[in-house]
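Reading the structure
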Amino acid sequence: MGNLLKVLTREIENYPHFFLDFENAQPTDCERDVWNQVNAVLQDSESILSGLQAYKGAGQEIREAIQNPNDMLLQERAWNSVCPLVIRLKRLYGFSLRLERALQSLLESLTCPPYTPTQHLEKEQALAKQFAEILHFTLRFDELKMRIPAIQNDFSYYRRTISRNRINNMNLDIEREVNNEMANRMSLFYAEATPMLKTLSTTTTNFVTENKTLPLENTTDVLSTMASVCKVMLETPDYTCRFNSEDTLLFCMRVMVGVIILYDHVHPNGAFNKSSKIDMKGCIKVLKEQPADNVEGLLNALKFTTKHLHDESTPKNIRSMLQ
């Protein structure tokens, strides 16, 4: 994932210089407990993405069942096709809950006194790397999910069928796996266009709300510094030439967009305001300089999952860049 990445903000000379190693950072003794906890979650992330990517849906079986409501064989075929998919969707949803707890642990570690957020990122590089990996996973998950309308169609059919069978006093084994309460929570999750980003945004917002004695800046400065890391890395040839593959570019773009979205949800004035510590014009410019196929989903995430883009305080030139 490239070599050493230097953390720089807009005015390079006025800020401390240190390196953040996204590729090779290893946990120190102080980081190890949290690192192990988060690593146990992250090591399942690729299988979660593979499972989502392989999701084909039961659209054909459902259509046939709906078109032939009196054909019990077709009803049974559709039901037997949907049930394993619902179990898979439950696993994906369950992973979002694990990711939520992992992010909370990282936020606690990267914002706690006596260190400043910048000092945390410098001293706890393995945790900063894990934070970046969570954001990278999240954007990849949501990009895939948006391309699979079958997920909501399948789940809607499942819920309708369950409700109908309850009316007919039929007990189904799958209700032990996905009961009504679980189905309601899963339904809310999959109704989101970007469900994993929504999970991270809510977790970060709740973290700030629940930790009233912790200055808001402790959290927002971690996010703005991470955005600066990625922006400078992407726009500086001396850094990009060190990358081992194009995947590193996409990794950095996803992380940058992820922290911008979190910052925009947590900071009262958002990421687009002139007072923002994130150089939004520079970040969007960097994205637009990349191949369109790589950044379309990321630009859409900035358009549709941020909170303050359409505020009156957002400069018109920033809004026009995202048109």
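Residues numbered from 1 in each chain as written. Predicted model: local features only at pLDDT ≥ 70, side-chain atom pairs only at ≥ 80, totals over all residues. Heavy atoms only, no water.

With an unreviewed UniProt entry as reference, the chain is termed Family with sequence similarity 49 member A, source organism Hucho hucho. The UniProt entry for the chain carries this comment under Sequence similarities (unreviewed entry): "Belongs to the CYRI family." Taken directly from UniProt, the Subcellular location (unreviewed entry) text for the chain runs: "Membrane". (UniProt positions renumbered as here; feature names shortened; annotations may be inferred.)

1. Let's talk about the overall build of the chain
Across its full length, the chain holds 16 helices and two strands. Relative to the globule expectation of 20 Å for 323 residues, the C-alpha radius of gyration of the chain, 22 Å, shows essentially globular dimensions. If you line up the chain on its principal axes, its C-alpha atoms span 75 × 45 × 40 Å. Looking at the chain residue by residue over its 323 residues, the buried ones come to 52%. Within the chain, counting contacts between residues at least 6 apart in sequence, those at least 24 apart form 75% of the total. In the form shown here, the chain has an accessible surface area of approximately 15,900 Å², with 48% of it arising from carbon and sulfur atoms. (Helix = DSSP H or I, 4+ residues; strand = E, 2+ residues; numbered from the N terminus. Rg over C-alpha atoms; globule rule 2.2 N^0.38 Å. Buried < 20%, exposed > 50% of the residue type's maximum accessible area, 1.4 Å probe, protein only. Contact = heavy atoms within 4.5 Å. Areas by Shrake-Rupley, 256 points an atom, 1.4 Å probe, with all protein chains shown as cover.)

2. Quick word on the pattern of salt bridges
As enumerated under the stated definition, the model contains 11 salt bridges in all. Several salt bridges converge on common partners, so that one network encompasses K231, E235 and D279. (Salt bridge = Lys/Arg side-chain N within 4 Å of Asp/Glu carboxyl O.)

3. Quick word on the side chain of N218
Along the chain, N218 turns up in helix α11 (residues 216-235). Residue N218 is classed as buried on the basis of its relative accessible area of 13%. A polar atom in the side chain of N218 sits 2.8 Å from the backbone oxygen of T111. The residues contacting N218, other than those within four sequence positions of it, are T111 and P117. (Polar contact = N/O pair within 3.5 Å; in protein donor to acceptor, adjacent residues only side chain to side chain.)

4. So, the domain arrangement of the chain
Domain assignment breaks the chain into domain 1 (24-192) and domain 2 (215-322). Centre-to-centre separation of domain 1 and domain 2, based on C-alpha positions: 25 Å. Counting from both sides, the interface comprises 14 residues of domain 1 and, opposite them, 18 residues of domain 2. In total, about 1,500 Å² of surface goes out of reach between domain 1 and domain 2, with carbon and sulfur atoms giving 79% of it. Taken together, the links from domain 1 to domain 2 amount to one salt bridge. (Domains from an automatic or database assignment. Buried area = accessible area lost by both parts, 1.4 Å probe.)

5. What about the side chain of T220?
With respect to the secondary-structure elements, T220 resides in helix α11. Ignoring any residue separated from it by four or fewer positions in sequence, one finds T220 in contact with Y263, V266 and H267.

6. Some thoughts on the packing of aromatic side chains
Scanning the model with the defined rule gives six aromatic pairs in all. Chaining the aromatic ring pairs together yields one cluster made of W79, F155 and Y158. (Phe/Tyr/Trp six-rings, centres within 6.5 Å; stacked < 30°, edge-to-face > 60°.)

7. Description of the packing of helix α14 (residues 280-288) against helix α15 (residues 292-304)
Running from N to C, α14 and α15 point in directions that differ by 155°, and their axes come no closer than 10 Å. Looking at the two axes, α14 sits roughly antiparallel to α15. Once α14 is placed against α15, the crossing between them reads as left-handed. Seen from α14, the contacting residues are I284, L287 and K288; seen from α15, they are V295, L298, L299 and L302. Across the contact of α14 with α15, the residue classes break down as six nonpolar, no polar and one charged. (Axes fitted to C-alpha atoms, helices over the stretch in contact; angles between N-to-C directions. Parallel < 35°, antiparallel > 145°, perpendicular 65-115°, else oblique. Left-handed = near helix turned anticlockwise from the far one by under 90°. Nonpolar A, V, L, I, M, F, W, Y, C, P; charged D, E, K, R; others polar.)

8. What to know about the environment of T28
Take T28: it is sitting in the loop between β2 (18-20) and α1 (32-42). For the pair T28 and T248, spaced 220 residues apart in the sequence, the C-alpha separation amounts to 24 Å.

9. Overview of the nonpolar core
Counting 101 residues, the largest nonpolar core has F131, F141, Y158, I260 and L287 as its most contacted members. Looking at this core, the element that brings in the most residues is helix α4 (residues 72-111), giving 16 residues. Taken together, domain 1 (24-192) and domain 2 (215-322) each give at least three residues to this core, which thus spans both. Apart from residues lying up to four places away in sequence, Y158 is in contact with W79, V82, V86, I174 and V178. (Core = buried A, V, L, I, M, F, W, Y, C linked by side-chain atoms within 4.5 Å.)

10. Here's the deal with helix α9 (residues 180-191)
An α-helix turns once every 3.6 residues. As a result, residues three or four positions apart point the same way. For α9, built from 12 residues, the straight-helix expectation of 16 Å at 1.5 Å per residue is met to within 8% by its first-to-last C-alpha distance of 16 Å. Its side-chain oxygen placed 3.2 Å from the backbone nitrogen of E181, N179 serves as the N-cap of α9. (Expected span 1.5 Å × (residues − 1).)

11. Considering the packing of helix α6 (residues 125-146) against α11
Interaxial distance between α6 and α11 falls to 12 Å at its minimum, and their mutual angle equals 80°. In terms of their interaxial angle, α6 and α11 are classed as roughly perpendicular. On α11, the residues that touch A128, F131 and A132 of α6 are V222, L223 and M226. Among the residues making up the contact of α6 with α11, the classes are represented as six nonpolar, no polar and no charged.

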